[in-house]
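What follows is each chain in one-letter form.
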Amino acid sequence: MRLPFHTLDVFTTEAFGGNPLGVFPDAAHLPTEIMQRIAGEMNLSETVFLGPPETPSGTARVRIFTPRVEVPFAGHPTVGTAIFLAGRLPRPDAGARGDVRLVLEENVGPVPVEVRFEGGRPVFARFTTAQLSEHRPSPLSGADLAAMVGLDVPDVCPEGMPAEMVSCGLPYHIIPVRSVDAVRRAALDLGVWRQLLAGTWAHHVYVMCLDAEGDQADVRVRMFAPGSGVPEDPATGSAAAALGGYLAALDGRERGRLSWVAEQGIEMGRPSLLHVEADREGGRTTAIRVGGHAVAVSEGTMVVPD
């Protein structure tokens, strides 16, 4: 069996930045076991398998796999898949700007995505999460958190910024730190992680700081997911959604639209920018959106044993 595939770099405007994504179109007929083995062979943070929609409003059925597990939702596959699919639609006139709306049927539910065209090409996609953020307090002490990410106790959880477990479909253990330097120095201790987090609800570790190096960014982040076979991820849209839920709740305003740009992947040599928005109404968060650019990088054929 010969399966065509494409790769895109997501949350970047340049090839070899951002987070690589593998896309297998017309692959819904594959058994789950084969999808997982293909994702392991690709060895990217995520690989997606596309099929025809299962609902009248859907654009495509999307299944998402890390090298080790299938996940119900992930951000960079959502952005990259939307831009890939939009590129297969009839193109607007050259030079035209405009948006198209897609609905990706992921395991978490239908995910609406707006794709922006420039010069007749899809260049930017923004999704609205299928689930609003779920929040749980972290059960770990500051000392445990610091030990797990290789930092000193004063580095973690600055005043007014507690560690928290947050999910918009995929849970993250958010650990705020005091400085960009602390983000740079963070190094996940696998022994401590196995003892404290492996097998728990929010075992993905997300280190964040309300500061950034680049003049386009407001927040610096890193994400470690050894439980999913991803030692470190260069750009994590589902974590950015959780971050939007965390920061919006921390802000606490009665109503309004909040926005941030997160930089990630700097330490890996794959700089990425993730655009995050959150709406507040009646003192609660009513919508979370994450967007970014993506560029096509490669296409080929994988030979898979029948």
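You'll find the structure just up there.
Predicted model only: the values in this text are computed from it and were never measured.

Some points on the environment of Ala-146
Here Ala-146 lies in helix α3 (residues 142-148). We classify Ala-146 as buried; its relative accessible area is 1%. Note: C-alpha distance between Ala-146 and Glu-41 (105 residues apart in sequence) is 34 Å. For Ala-146, the residues in contact, after removing those within four places along its chain, are Leu-151, Asp-152, Val-153 and Val-156.

Examining the packing of aromatic side chains
Scanning the model with the defined rule gives five aromatic pairs in all. Their ring planes at 35° and their centres at 5.6 Å tell us that Phe-5 and Phe-24 sit as a pair that is tilted. Note that Phe-5 is positioned in strand β1 (residues 2-10) and Phe-24 in strand β2 (residues 19-24), a separation of 19 residues in sequence. Here Phe-5 falls in the buried class, since its relative accessible area comes to 15%. Residue classification places Phe-24 among the buried positions, given a relative accessible area of 0%. Between Tyr-172 and Tyr-206, the aromatic rings sit 6.1 Å apart at their centres with planes inclined by 55°, giving tilted as the arrangement. Note that Tyr-172 is positioned in strand β11 (residues 171-176) and Tyr-206 in strand β12 (residues 204-209), a separation of 34 residues in sequence. Exposure remark for Tyr-172: the relative accessible area of 1% places this residue in the buried category.

Quick notes on the environment of Glu-114
Mapped onto the elements of the fold, Glu-114 is located in strand β7 (residues 109-118). We classify Glu-114 as partly exposed; its relative accessible area is 36%. Apart from residues lying up to four places away in sequence, Glu-114 is in contact with Asp-99, Val-100, Arg-101, Phe-124, Ala-125 and Arg-126.

Some points on the pattern of salt bridges
Under the criterion given, the structure shown has 21 salt bridges. A salt bridge links Glu-277 to Arg-126; its shortest N-O distance comes to 3.9 Å. Of this pair, Glu-277 sits in strand β16 (residues 272-281) while Arg-126 sits in strand β8 (residues 121-128), placing them 151 residues apart in sequence. Between Arg-289 and Asp-279 there is a salt bridge, with the nearest N and O atoms lying 2.9 Å from each other. Placement of the pair is Arg-289 in strand β17 (residues 284-303) and Asp-279 in strand β16, with a sequence separation of ten residues. Overall, the relative accessible area of 14% leaves Asp-279 in the buried class. Where salt bridges share partners, they join Asp-155, Asp-181, Arg-184, Arg-185, Glu-213, Arg-220, Arg-222, Glu-232, Glu-263 and Glu-267 into one cluster.

Observations regarding the pairing of β2
With five of six residues buried, β2 is to be regarded as a mostly interior element. Sheet analysis places β2 next to strand β3 (residues 46-51), joined by four bridges and oriented parallel. Paired with Gly-22 across the two strands is Thr-47, which belongs to β3. Crossover handedness for the path β2 to helix α1 (residues 32-42) to β3: right-handed.

What to know about unusual backbone geometry
In this structure, Asn-43 is a non-glycine residue whose phi angle is positive, near 60°. Inspection of the secondary structure assignment puts Asn-43 in the loop between α1 and β3. Using a relative accessible area of 55% as the deciding quantity, one classes Asn-43 as exposed.

Regarding the nonpolar core
Among the nonpolar cores identified, the biggest contains 59 residues, and Val-115 and Tyr-206 are the most heavily contacted of them. Looking at this core, the element that brings in the most residues is helix α6 (residues 237-251), giving eight residues. Those residues in contact with Val-115 that lie beyond four places of it in its chain are Ala-82, Ile-83, Ala-86, Gly-98, Asp-99, Val-100, Leu-102, Pro-122, Phe-124 and Ala-125. Counting 22 residues, the second-largest nonpolar core is a separate cluster that includes Leu-145, Met-148, Ala-186 and Val-192.

Description of the state of the cysteines
Within the structure shown, the criterion is met by zero disulfides. Here Cys-157 stays unpaired: no disulfide links it, and the sulfur of Cys-209, its closest cysteine neighbor, is 13 Å away. Among the residues examined, Cys-157 registers a relative accessible area of 25% and is labelled partly exposed.

Observations concerning helix α2 (residues 75-86)
Over its twelve residues, α2 runs 17 Å from end to end, which matches the ideal 16 Å to within 8%, given 1.5 Å per residue. The element α2 is extensively covered by neighbouring structure, given that twelve of its twelve residues are classed as buried. Gly-75, His-76, Pro-77, Thr-78, Val-79, Gly-80, Thr-81, Ala-82, Ile-83, Phe-84, Leu-85 and Ala-86 are the residues of α2 that are buried.

So, the side chain of Thr-285
Position of Thr-285 among the secondary structure elements: in strand β17. Judged by its relative accessible area of 12%, Thr-285 is buried. Among the polar contacts made by the side chain of Thr-285, one reaches the side chain of Arg-280 at a distance of 3.1 Å. In this structure, Thr-285 is in contact with Leu-132, Ala-248, Ala-249, Ala-278, Asp-279 and Arg-280, ignoring residues within four places of it in sequence.

The rules we used
- Along every chain, residues carry numbers that run from 1 in the direction the sequence is written.
- Only residues with pLDDT of at least 70 get local features here, since the model is predicted, and only at 80 or more are side-chain atom pairs given and counted; chain-wide, interface and lining totals rely on the full set of residues.
- To get the side-chain values, take all heavy atoms of the structure and skip hydrogens and water.
- To qualify as a helix, a DSSP run of H or I must reach at least 4 residues; to qualify as a strand, a run of E must reach at least 2; elements of each kind are numbered from the N terminus.
- Here's how the labels work: a residue is buried when its accessible area is under 20% of the maximum for its type, exposed when over 50%, partly exposed in between, all with a 1.4 Å probe on protein chains only.
- The contact criterion used throughout is that any non-hydrogen atoms of two residues lie within 4.5 Å.
- Only rings of Phe, Tyr and Trp enter the pairing, Trp through its six-membered ring, and a pair is recorded when the two centres are within 6.5 Å. The plane angle decides the type: under 30 degrees is stacked, over 60 is edge-to-face, the rest tilted.
- Counted as salt bridges are all cases of a side-chain nitrogen of Lys or Arg within 4 Å of a carboxyl oxygen of Asp or Glu.
- DSSP-based pairing: two strands are paired if at least 2 bridges between them are found.
- We call a crossover right-handed when, viewed with the strands running away from us, the connection from the first strand over the helix to the second turns clockwise.
- Throughout, nonpolar core names a set of buried Ala, Val, Leu, Ile, Met, Phe, Trp, Tyr and Cys residues whose side chains join them through atoms within 4.5 Å.
- In what follows, a disulfide is any cysteine sulfur pair within 2.5 Å.
- Any helix carries an expected span of 1.5 Å times its number of residues minus one.
- Any pair of nitrogen or oxygen atoms within 3.5 Å is treated as a polar contact; in protein, a donor-acceptor pairing is required on top of that, and neighbouring residues in sequence qualify only through side-chain atoms on both sides.

Structural measurements only, silent on function.
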